[in-house]
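Read off the chains here:
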Amino acid sequence: MGERDDPGTIGRRVQRLRVERGLTQRQLAEPVYTPAYISTLESGRVRPSDDALRHLAGRLGVAFDELAGGQSARLVTELRLRLTEAQRTLAVGETEAAAGQYAGLLAEAETHALAAERSAALLGLGECALETGELVAGRQYFEQAEECLAGAPLPARVPALRGRAVAHYLAGELRYAVYLLETALDELNRGGLHDPDALLLLYASAIGPYMDMGAHARAAQAAEFALALAPQSGDPALVARMHRSVARTLVAEGRLAEADASLAKAAELYRGLQIRTELANCHWMRGYVYAQDGQLERAEAELREALGMLSAKRAALYSSQVAVELADVLHRRGRSDEAAALLHDVLGHLSPERGAVHSAAAHRLLGIIAEDARRTEEAEEHYVRALSLLERAGAAGDLADLCRLLGDLLRRTGRVEAALDAYRTGLGHRTAPGTTTLGPAPAQPPL
């Protein structure tokens, strides 16, 4: 039951609704109450009981919550229906249209002071911003959503927290992104808050930053946890559409509680669709593992699966990241021209502020391809660009390897002093394979 307004506000509301319906105080009061009681109530001199408000709500033809707190139950349900529509729009990849829907919903939720609906609209706008690469705006939406949910349990805050972490990750702030994700995971697991959806979102989102920081052991573990937690459903989009249609029918019939139940099921399924897309990270991780093991055909299949899942949602940044990994596999399979074409296309979607680590990886691989073709100047140019991007992002695991490549190239072309400088830079960033300086791993979930 929602919060009640003060007696004066309730009294004015009762009087307005009574006058709008052409009722006298006696007609509103009978047969349970007196006209004098209604007069006292409308003047704000008495705090009506729940029984009195239910009687008045029935006579006035409104919901109890609307009379007590000014919120129309029908309005709230219709807003929730439109929120599931916006979720569906985003889930099928129509990001611009979804952003428009969420913006309209946010304005209405703020007008009617509906905190839960406001936070849901902010989350949706944040997800849309991530899809389109507007990282600063996305982070701000997620921060506002977290503020709305400040008093809620951690599982309810996880989508906003995870969104903020992903925005930092895509901006190249790897260590802070991992800090946010691992802190939430640790709090969930140590506190016994084993919410599968929340854990899955966090583990799947941690894979990318782990990989970029050289923490491959943690990335592999996160992928295994995510796959073990993944919900099973036959066709969630079809079932969600059914629940949405049922809810619309129930709203028209005035059966709002039943409509809300259907909308809750639809929203859960649409979240499942977005989580399924998160699982593309797991295919990406598997592809990486296969590539490291020399199983290049299997690696290509996994990476193409991940790329297909992400491209279907027009997730340009994520798609670009996986495409770089796929290009590496293609190059190792002897298809360097195909790999180079893919990398040049990827660089059109990346920048130092949007995907710095994978922009660097693209330049690194283009440098290797150029060096194999004896185009030394072109190779050096790509290596230097990659080095600048990695230093800015703090991706220590990749910096050491890149400095070795650049040093080898400089040494072969007779520039020994410059080669030594490159090697020294690389040694300063060297870490053992599969390790990280992040501290202890977060507590594990019960699987």
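Just above, that's the structure.
Predicted model only: the values in this text are computed from it and were never measured.

Caption draft 1: Quick peek at the overall build of the chain. Counting its regular elements, the chain contains 23 helices and zero strands. Burial analysis of the chain (447 residues in total) assigns 49% to the buried set. At a minimum sequence separation of 6, the contacts of the chain that also span at least 24 residues come to 62%. As displayed, the chain offers around 20400 Å² of accessible surface, 51% of which is attributable to carbon and sulfur atoms.

Caption draft 2: How the structure looks around unusual backbone geometry. With an omega dihedral of 0 degrees, the bond running from Glu30 to Pro31 counts as a cis peptide bond. Phi is positive for Arg374, which is not a glycine, with a value near 65 degrees. Tracing the sequence through the fold places Arg374 in the loop between helix H20 (356-372) and helix H21 (376-393). You can call Arg374 exposed: its relative accessible area is 76%.

Caption draft 3: Expanded view of the side chain of His363. Relative to the helices and strands, His363 is located in helix H20. Once residues lying within four places of it in the same chain are set aside, the contact partners of His363 are Leu347, His382, Arg385, Ala386 and Leu389.

Caption draft 4: Expanded view of the packing of aromatic side chains. The tally for this structure, following the rule as stated, stands at two aromatic pairs. Aromatic side chains Tyr33 and Tyr37 sit 5.1 Å apart centroid to centroid with 20 degrees between the ring planes, which places their arrangement in the stacked category. On the accessibility criterion, Tyr33 (23% relative accessible area) is partly exposed. The class of Tyr37 is partly exposed, set by a relative accessible area of 21%. Ring plane angle 25 degrees and centroid distance 6.0 Å describe the contact between Tyr176 and Tyr179, whose orientation is recorded as stacked. Here Tyr179 and Tyr176 lie together in helix H11 (residues 174-190), a separation of three residues that amounts to about one turn. Judged by relative accessible area, Tyr176 falls into the partly exposed class, the value being 37%.

Caption draft 5: Spotlight on helix H19 (residues 336-347). Here H19 contains twelve residues, and its C-alpha end-to-end distance of 16 Å stays within 8% of the 16 Å for a straight helix at 1.5 Å per residue. Those residues of H19 lying buried are Ala339, Ala340, Leu342, Leu343, Val346 and Leu347. One face of H19 carries all of its buried residues, which in axial projection span an arc of 165 degrees.

Caption draft 6: Structural context of the nonpolar core. If you look at the biggest cluster of nonpolar residues, it comprises 105 residues, and the most contacted ones within it are Tyr102, Leu202, Tyr203, Leu343 and Tyr383. The contacts of Tyr102, once residues within four sequence positions are left out, are Leu83, Ala86, Gln87, Leu90, Ala120, Ala121, Gly124, Leu125 and Cys128. Grouped together as the second largest cluster of nonpolar side chains are 15 residues, Ala29, Leu53, Phe64 and Ala68 included.

Caption draft 7: Fine view of the pattern of salt bridges. Considering all chains together, one arrives at 26 salt bridges under this definition. The salt bridge partner of Glu143 is Arg139, with a shortest N-O separation of 3.9 Å. Pair noted here: Glu143 and Arg139 are both in helix H9 (residues 135-148), with a separation of four residues, about one helical turn. The salt bridge partner of Glu300 is Arg335, with a shortest N-O separation of 3.1 Å. Of this pair, Glu300 sits in helix H17 (residues 296-311) while Arg335 sits in the loop between helix H18 (316-332) and H19, and the two are 35 residues apart along the sequence. Overall, Glu300 belongs to the buried group, its relative accessible area being 8%. The class for Arg335 is partly exposed, based on a relative accessible area of 27%.

Caption draft 8: Just the side chain of Thr89, in detail. With respect to the helices and strands, the residue Thr89 is situated in helix H6 (residues 73-91). Judged by relative accessible area, which is 3%, Thr89 ranks as buried. Of note is the side chain of Thr89, whose polar atom sits 2.8 Å from the side chain of Gln101. Thr89 has contacts with Glu94, Ala97, Ala98 and Gln101, leaving out every residue within four places of it along the chain.

Rules of the game
- Per chain, residues are indexed from 1 in the order of the written sequence.
- Residues qualify for local features only when their pLDDT is at least 70, as the model is predicted, and side-chain atom pairs are given and counted only at 80 or more; totals for whole chains, interfaces and linings, by contrast, use all residues.
- Hydrogens and water molecules were not included; the side-chain quantities draw on all heavy atoms of the structure.
- Strands are runs of DSSP state E lasting at least 2 residues, helices are runs of H or I lasting at least 4, and numbering of each runs from the N terminus.
- In this scheme, a residue with accessible area under 20% of its type's maximum is buried, one over 50% is exposed, and one in between is partly exposed, where area comes from a 1.4 Å probe on protein chains only.
- By definition in these notes, contact holds between two residues if any of their heavy atoms fall within 4.5 Å.
- Areas reported here follow the Shrake-Rupley algorithm with a probe of radius 1.4 Å; residue values treat only the protein chains shown as occluding.
- Under the pairing criterion, centres of Phe, Tyr and Trp rings, with the six-membered ring standing for Trp, must be within 6.5 Å; the plane angle then separates stacked pairs below 30 degrees from edge-to-face pairs above 60, leaving the rest tilted.
- By this rule the span expected of a helix is its residue count minus one, scaled by 1.5 Å.
- Directions drawn from the helix axis to the C-beta atoms are what define this arc.
- Remark: nonpolar core denotes a set of buried residues (Ala, Val, Leu, Ile, Met, Phe, Trp, Tyr, Cys) joined through side-chain atoms within 4.5 Å.
- A pairing counts as a salt bridge when a side-chain nitrogen of Lys or Arg comes within 4 Å of a carboxyl oxygen of Asp or Glu.
- Under this definition, polar contacts are N or O atom pairs within 3.5 Å; protein pairs additionally need one hydrogen-donor-capable and one acceptor-capable atom, and for neighbouring residues in sequence, both atoms have to be side-chain atoms.

Function-wise, these values are silent; they only describe arrangement.
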